[in-house]
Every structure is written in structure tokens, then in C-alpha cells.
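Geometric and topological summary
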Amino acid sequence: MIWQRKHILGMRDLEAEEINLILETAESFKEISTRTIKKVPTMRGKTVVNLFFEPSTRTRTSFEIAAKRLSADTINFTVSASSVSKGETLIDTARNIEAMNPDIIVTRHSAGGAPYLLSKYVNSSIINAGDGAHEHPSQALLDMLTVKEQKGKLKGLKLAIIGDISHSRVARSNIFGFTKMGVEVRVAGPATLIPVDIEKMGVGVFYRIEQAIEEADIIMMLRIQMERQKGQLFPTLREYSRFYSLDLKRLKLAKEDVTIMHPGPINRGIEISPEVADGPYSVILNQVTNGVAVRMALLYLLAGGGDLD
Amino acid sequence: MIWQRKHILGMRDLEAEEINLILETAESFKEISTRTIKKVPTMRGKTVVNLFFEPSTRTRTSFEIAAKRLSADTINFTVSASSVSKGETLIDTARNIEAMNPDIIVTRHSAGGAPYLLSKYVNSSIINAGDGAHEHPSQALLDMLTVKEQKGKLKGLKLAIIGDISHSRVARSNIFGFTKMGVEVRVAGPATLIPVDIEKMGVGVFYRIEQAIEEADIIMMLRIQMERQKGQLFPTLREYSRFYSLDLKRLKLAKEDVTIMHPGPINRGIEISPEVADGPYSVILNQVTNGVAVRMALLYLLAGGGDLD
Amino acid sequence: MIWQRKHILGMRDLEAEEINLILETAESFKEISTRTIKKVPTMRGKTVVNLFFEPSTRTRTSFEIAAKRLSADTINFTVSASSVSKGETLIDTARNIEAMNPDIIVTRHSAGGAPYLLSKYVNSSIINAGDGAHEHPSQALLDMLTVKEQKGKLKGLKLAIIGDISHSRVARSNIFGFTKMGVEVRVAGPATLIPVDIEKMGVGVFYRIEQAIEEADIIMMLRIQMERQKGQLFPTLREYSRFYSLDLKRLKLAKEDVTIMHPGPINRGIEISPEVADGPYSVILNQVTNGVAVRMALLYLLAGGGDLD
């Protein structure tokens, strides 16, 4: 297929065929990051702006490294929420950036839907690097690349996602992406952290981790946000950990060759035990490595492709 | 003419001939930002340091993009006021930067005159990116480029600048620049926000917006700083807006082909109505685009010119 | 000799032969920063990450300029102490960076030993850019380069280091480095700011500045940290300054061709008088210039050397 899409806003929009092309492109880019000279001239003279309305060192760094390995110029434009509230609207900020002729704007915002709004008002390509509790498509794509590497396929696998499903853009994007590729997705967490009607997304819902991970090929643990405790969505960290943490004992319920994932940063001893996080089934750092490759693929495809060195 | 000047400190210093050369150079650079490969090798191996003592994402980004499109290396050096007050003087900070052999230092400081001081103590070229309420020459130059594009000339036009004239480095630099090029400049605002003796700068002074914009070719609205209200320089935002906002009704007093400008970020509904800001006469985003071109021209001329790709 | 070492963690580890190679390499790099095109392609396609757990604009900028003049891609990754305390360990953060395939990680941390720990857990080369009160090897190396330039040699010289020896990583790294190269090192400061047993590092200890600087070839003044006063380690700034400041009168006790150094930023009138800081014996700004050259040498050697343009 030939890439046609202008923006990467969410996994909900992407077709299976497009996902496959992104993953294949990312696979070919992975090798570049292991070369002595980790750089191809593909995007020389292109400008990529990281327009972040929420602080994020990790995701921003991953996109910045990806852009630099493609020889693009990168600009970090971090807007504190306070400065936006001082009068300029989101769209005015974006139009200002746009007026400087960037090729691609990578954006993160605390409000779900913000990148969709931007895509209607600016001419540059937009990549959603996380919008509220809504979507985080590059994370889902790097997760899919990691699973594909581990299992050689996606179709027919069983994936369990455990934790705070309600507030997780990672969970949502992964549910859209994996179900689209024929993966059976199950979610589990405290009832207060599972959205009502989530079955409609085509997933199985469980309230006990043991049930969800039974015979799972992949377990994806979500980061627990400590601050949710104040909202009384779960009683105490200790109790959360007792019922939903992935430890060696629970791990035995999954398939023998289970793959353990986590979007990071991990809370050691809370949602995942150190033995599991650092153990032989964990691919948490492979996910980070694949993050750079997937983001290179997205930038490359949106910039119009072209020859690779 | 051949460019001789080492620093860009203010519009007050620049000769009309120099302004013309900057604007012509900027015009030729504008095209580069619309190419597929938006980059020329002119400043390869040159170092541009953005030495900002005041936070400014927008102006810093514009200079950074300009430098990168000329292939210069850019370094952002942001110094919080608190860290300067911890003992090191402004000049010591600048001499330290200087010792790392940058070619050009772009600087912003809350104190008027700071870039002038620096230019006496360091060997690099200095570009003033805004000093207190004193000058902001690259803003004035991009405004002049925008007017020249719209009207095909500068001489003989009528420009009205509306708002807080007293605290505006944008207003001051534009008054110096436009009057030098034969433009008739008028200012208007509440009496508390107009400097005493401003007539000596060669401008007409009005206290009602309606008088100032009558038959104007260009109207430049200034951003109202909300915090001035606390100093009781104007009563309420609502009252300010009622008397000094540019709306569709007032717009009719100006020439039929009037051009509307604003240095941004705009306060929608305060100093300018959304209909005017987004309307057909507004060139607010052209100003931003021209900002990159003007800053490329300044960097290029100060770095000694040279071949363009 | 051929460079073998993978990390630069401290001066304590380095052999005299290695120090000589670094200084010679730095000397050859110094010239690059004075060229019209201040850039060699040696590290094209290499990624250097500045992983700073403590804010530091000056040292980070020096490394960033060094990396860019070698054509490396640079990424600034600043982690606030608060975000680290939010659950992710130092090692997890570093492993995440590592997974993005950087070639060299330059790191600063408030805890002594942090870079040593990192070097055991990641595969990239680590450069210690300052760890607590422990070591700051690139500072010592730039100091040694500066002395070598001034005196033509190191061996047999007398160096006096004055100030807060206890809390100074600069002092510690310089003591390790200079004694190794055959320099006689003396330290002086208030008894509360001199570590017990420091004689074991091979230095002479004095409590009066006059004694320490007598016949010194080089005097290195340390920056006094104002906040130490609260810990009652010295009575008042005024009294500290009276007893330990380097002024013109005291300067006469040293050799006639004495060299005055300071790691910066200087507190004018506190540990050093303006006349001395700006006087003919001061090489404070040469130190900054040499900082870029030494850091280029370190990056170059750790990246495996290679041809210079």
C-alpha cells in the first residue's frame, strides 16, 4: 500500500493495513539505531516541533531522538498550562507554530481530543503523543511491534491489560490496536477503575487479575497513578498491590512463554514486583527501544517517505 | 551597500539603508521556509546561543528555527533571574558564554539596556531579542516586512499603534523604525499608558482609538498585560476593552484596505475582537512567518553573509 | 598509547598517561573552536545524552557545544529530583535512556557515586559531570589544561586551593589529578570546611590563606556556597571574606607569575576581589574556553577516536 494519511491521531482511526505498514517500516528502522552511524538523511531540512502542553521527558526524548536519526531539525516547544490560561487559546498557539512552517507537530495535551482539534486548524501533520485519558497511538504501536517481535505474529494471541483502565490512554489505544489485529484483549482492575460499557470495545472484563491473566500470551501492567488514591478510587497502595500486582506466583497462571510489558515508568513493588520487571519474560526495555523505531516510522511516513540510506 | 554593523541592539541605531538591506535579505530567505528541504548550509559550523534572562518560548523558537534553517548549531541558555541574583553578574554570565566561542548571542532581559551593556563586554555579535520596555528590533523589522509585503512600500503610509504604549518595547521599536522609513505614526491609549513627551519621537498622540485609526493604512494592536490592572493603570479589563478594543465597527473608520497587526499572543475579546483577529485584514500569522525570515536575515548578515544555496 | 577506558568517572581512576592523552587531544581540539567553521564530522550519527539530575546550565552547555562541534546529536534530559522520587529509580531512568541507544551519557547527580552505579548497569559510556561532593573530572582536566598552557608543564609546580574543601568536588578531582602529575598541592580554608584526614590525599593543609599561597605558582579559589552559612560552617560572609578572600595585597605573597583560577561562577568581592578576578594573572575565562576543548576530547576518545577533519 501507499501511505495516504496526514495525521496520526489515534489507533481508533488506523486501518489494519496501515498498522502493518507502520510496523514493517519500524522494523527496517530498528537496524539504524544499532549502526555506528545512527543517522539517515531522509528528513534533512524538515522541521519537527514537539509541542507539549504537559511535561514529558521520556516521550519527548524518544520523538526527538527519532527525528534526529532521520536528520530532521527538532524544536521543543513546551507550554505550561498556566501560560495557555493567560489568554492565548490552544488553536492560536498551534497556528503560531504553524506559521513558522514546521512539517510535523508532535503534541501532548491534558485534554482528550486536543490533537484532533489542532488537525482541523493547521496544515502541518499532527502526531498525537498523548491526549488526556483518550489515546496514545505511538505507545500502542511500539507495544504491537514488541509483541510481533516476541511472538512472530499478532493474530490469535491473548493479551491481558491490568490496572487503572479508566484513566489510561495507553490501555485505550492498545485495545483499539490489538483488537483490530485479531488479538483477544482482556482487562482487569478494581471496579472503580474500569469504565462502564468497556465491553463495547470488544474486550473481556475481569475484576480479578488471576482470571484475566489465565493462559495469557502477553500481560501488560499499567502504571498506577498514586494521586488517584486521594480521589478514593482505590483504598490504599498496599491493598491495590495485594490484589493487582504481578508477582512470580501469579505469573504462573499465564502461558509458559508469556511476555510481560509495562509502558513505564514502573513503580517497583506496587503494580509489578522487581523479580517480574527484571525477569526473563519482561520486555519493558525492548518497548523503549522500539519506541524510537516506531516514531521514526511515523515521522518518515508522514513526511512523505523517500529513500533510506 | 555592504553590511558593516556588528550588533542589532535597537531600531534607534539602524539607518534606513540598513533596514532596507535587512528587509530585502529577509524577502529572499522567505522562500527557503517553503521549500521541501528548508535549509541552506550558510551558517554550518557557526554557534548561535539564545541567552534568555526572561522566559520566552515564542521568540526563542523563532530564532532557533531561523538558525537551524541556516545550518547553525543552536544552544538555549535560559537563566532564571534568581540564579543571576545568586552572585554572578550579567556581564560575568555573558563573558562565560563568550569564552565558549559562540558567533552570535541572541539575548532577552527584563532590564532595558542589558544588550547594550553586553555588546561592550563581549566579542560575539549581540542581537537584542527584547530588553525591558526599551526595544525589540527583530519584532519591528518583521512588522515592517509584513507591511511592505501588504502595501508594496512603507513611505507615506499611516500607522496607528493602540494600547499600552508606555510599557511596550514593540511600540518603541516600531516607532523608531517606521518613522525612519517615512511612515506617519500615531499612538492611542489611556493617558496612564502613554509616555509623557512621546511627541518628541515624532508621533501623533491620541487618547481615543477612533481618532487614531481614522484613515489608517495599518493598525497595530498591542497586547494588554493583565497585571497592569493591579497597578491601577487602567480600571477594569471590561472598561479597557470597551474604549480601546478593535472590533468590526471601529474597523470601518480606517482605510478600506487597512492591514491589522498584533505582536501576539492575542487576548481574544480584550484588545481585539475575534472577528477582526481572524478576519480578512488581519496579517497576524504572516507576522509570525516573517519573523523567521527576518531573524534568518539578521543572523546571516551578522555572520558575515556568504553564498546562498 | 591507545585509549581503552570506557567511562570517565573520576580523576582518582585515571592514569597519568591517560591524563596526558586527554590533554594532548584537547589541545588539538582547541583550534577547531577558533575556525570560521567550528565543526568536524567525527561524531556524526552518534547520540550524546545529557542526563542531569541537578540543574546546571553552564556545564551542560559546555558539553552540548562540545558534542555539536563534533557533529554528534545531543539530547538534554533533565530529571527533577521530585520526579525521580515519584517511584522510578535512578537505574530504571538510566536503563530507559540506554534503551534508546545513546553512545555516551553525560550525567550529573547530587549523590556522590551515582555515575559509578550507572556505569555498572548500562552499556553506554558514562561521563561524570559532577556527583555530589565527590568528583567533577572534566573540571579538573580543564584546569590542568589551563595550567599546562600557562606554565608549559605540570610537574614541580605549587598549587594552592582555597575555600570550602569539604564540599567541593572540584577540589577533590583537582587534588587527585594534580598530585598524580607531580604538582605539590596545598589546601586552605576554615577548619570547619577542611575534611579530617585530607593529608592522606597527599596535600599540605593550612588554615591561613597567607601560608598556603606563599610561593604558589597557581592559586585556585573555590566558590563559597552562601547556603553553608546557615549550617554555621562559617560565621558571616564578611568574616569569611576578610580571612579567605584573594585580594591584591595577598596576591603579592605568591610567585610573581602566579596564575589565578576559579571554577565559576565567581562571587565578586566575597572569595575573590574584582581586581584579582579581572586582573592580568586571572585565567578564569581561559578555563571556560578549555572546558569545551577538554569535553570534546573526552567525547572523542570515548566514542572511539577516528579521523579529524
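Residues numbered from 1 in each chain as written. Chains lettered and ligands numbered in written order. Predicted model: local features only at pLDDT ≥ 70, side-chain atom pairs only at ≥ 80, totals over all residues. Heavy atoms only, no water.

**Concerning the interface of chain A and chain C**
This is how the line gets drawn: The contact definition used throughout considers only heavy atoms, calling two residues in contact when any of these lie within 4.5 Å. Two parts placed together each lose some accessible area under a 1.4 Å probe, and adding up what both lose gives the buried area. When a carboxyl oxygen of Asp or Glu is within 4 Å of a side-chain nitrogen of Lys or Arg, the pair counts as a salt bridge.
At the junction of the two partners, chain A supplies 24 residues and chain C supplies 22 residues. Carbon and sulfur atoms supply 52% of the area buried between chain A and chain C, which totals about 2100 Å² over both sides. Contact with chain C buries surface across chain A, with A:Lys38, A:Lys39 and A:Arg58 losing the most and accounting together for 21% of the total. The interface formed by chain A and chain C holds four salt bridges in total. A:Asp278 serves as the salt-bridge partner of C:Arg95, at 3.9 Å between the closest nitrogen and oxygen.

**Brief notes about the relation of the copies chain A and chain B**
Quick note on the threshold: Residues reaching a pLDDT of at least 70 in both copies supply the C-alpha atoms on which the copies are superposed by least squares.
Here chain A sits on chain B after a turn of 120° about the axis and a move of 0.0 Å along it, with an RMSD of 0.0 Å. Such a combination of turn and shift is consistent with a three-fold rotation axis.

**Some thoughts on the packing of helix α6 (residues 137-151) of chain A against helix α7 (residues 169-180) of chain A**
The description of two helices packed together rests on the angle between their axes and the distance between the axes. Residues and elements named next belong to chain A. Selection criterion: An axis is simply a line fitted to the C-alpha atoms; with a helix, the fit covers only the stretch in contact. Between two such axes, the angle follows the N-to-C directions and lies from 0 to 180 degrees. In this description a helix means any DSSP run of H or I spanning at least four residues, a strand means any run of E spanning at least two, and both kinds are numbered starting from the N terminus. In this scheme, roughly parallel covers angles under 35 degrees and roughly antiparallel covers those over 145, while 65 to 115 is roughly perpendicular and the rest are oblique. Left-handed describes a crossing whose near helix is turned anticlockwise from the far helix through less than a right angle; right-handed describes the clockwise counterpart.
Running from N to C, α6 and α7 point in directions that differ by 55°, and their axes come no closer than 8 Å. On the basis of the axis angle, α6 is oblique to α7. Here α6 runs over α7; the crossing is right-handed. From α6, Pro137, Gln139, Ala140, Asp143, Met144 and Val147 reach across to α7, where they touch Val170, Ser173, Asn174, Gly177 and Phe178.

**Here we look at the interface of chain A and chain B**
Rules: Here a polar contact is recorded for every N or O atom pair within 3.5 Å, except that within protein the pair must consist of a potential hydrogen donor and a potential acceptor, and residues adjacent in sequence are included only if both atoms are side-chain atoms. Polar here means any residue outside two lists: the nonpolar Ala, Val, Leu, Ile, Met, Phe, Trp, Tyr, Cys and Pro, and the charged Asp, Glu, Lys and Arg; Gly therefore counts as polar.
The interface is formed by 22 residues belonging to chain A together with 24 residues belonging to chain B. The junction of chain A with chain B conceals about 2100 Å² of combined surface from both sides, 52% of it contributed by carbon and sulfur atoms. Here chain A and chain B share four salt bridges between them. For the pair chain A and chain B, the interface holds 12 residue pairs in polar contact (both at pLDDT 80 or more). Looking at the side of chain A that touches chain B, the elements with two or more residues in it are β2 (73-78) and α4 (90-98) of chain A. In terms of residue count, the dominant contributor to the side of chain A that touches chain B is β2(A) (six residues). Counted by class, the side of chain A that touches chain B contains five nonpolar, nine polar and eight charged residues.

**Digging into the sheet that holds strand β8 (residues 218-221) of chain C**
Residues and elements named next belong to chain C. To keep things clear, this is the line we draw: Pairing between strands requires that DSSP locate at least two bridges from one strand to the other.
The strand order across the open sheet built from five strands is β7-β6-β5-β8-β9, with neighbouring strands paired in parallel fashion. Strand pairing shows two members of the sheet lacking a second neighbour, β7 (204-206) and β9 (259-261), which therefore form its edges. Geometrically, the sheet is characterised by an average inter-axis angle of 20° between neighbouring strands, direction not taken into account. As paired elements, strand β5 (residues 158-162) and strand β6 (residues 184-188) share five bridges and run parallel to each other. Bridged to Ile161 within β6 is Val187. Those strands touched by helix α6 (residues 137-151) are β8 and β9, and its axis lies near 165° from that of β9.

**Quick notes on α6(A)**
All names here are of chain A. Threshold: Multiplying 1.5 Å by the helix residue count minus one yields the expected span of that helix. Using a 1.4 Å probe on the protein chains alone, a residue whose accessible area is under 20% of its type maximum counts as buried, one over 50% counts as exposed, and one in between counts as partly exposed.
Across its 15 residues, α6 extends 21 Å between first and last C-alpha, which sits within 8% of the 21 Å expected from 1.5 Å per residue. Buried within α6 are the following residues: Pro137, Ser138, Gln139, Ala140, Leu141, Leu142, Asp143, Met144, Leu145, Thr146, Val147 and Lys151. Looking at the residues trailing α6, positive phi occurs at Gly152, about 75°.

**Here's the deal with the packing of aromatic side chains**
Inclusion rule: When two rings of Phe, Tyr or Trp (its six-membered ring) have centres within 6.5 Å they constitute a pair, described as stacked for plane angles under 30 degrees, edge-to-face for angles over 60, and tilted for the intermediate range. Two conditions define a charge located above a ring, namely a distance within 6 Å from the ring centre to NZ of Lys or CZ of Arg, and an angle within 35 degrees of the ring normal.
Taken as a whole and assessed by the stated rule, the structure comprises six aromatic pairs over all chains. When the centroid spacing of 5.1 Å and the interplanar angle of 80° are considered together, the rings of C:Phe29 and C:Tyr300 count as edge-to-face. Taken as a pair, C:Phe29 in helix α1 (residues 16-30) and C:Tyr300 in helix α12 (residues 284-302) lie far apart in primary sequence, 271 residues in all. Residue class for C:Tyr300 comes out buried when judged on its relative accessible area of 11%. Sitting over the face of the ring of A:Phe63, A:Arg295 holds its NZ or CZ atom 4.9 Å from the ring centroid.

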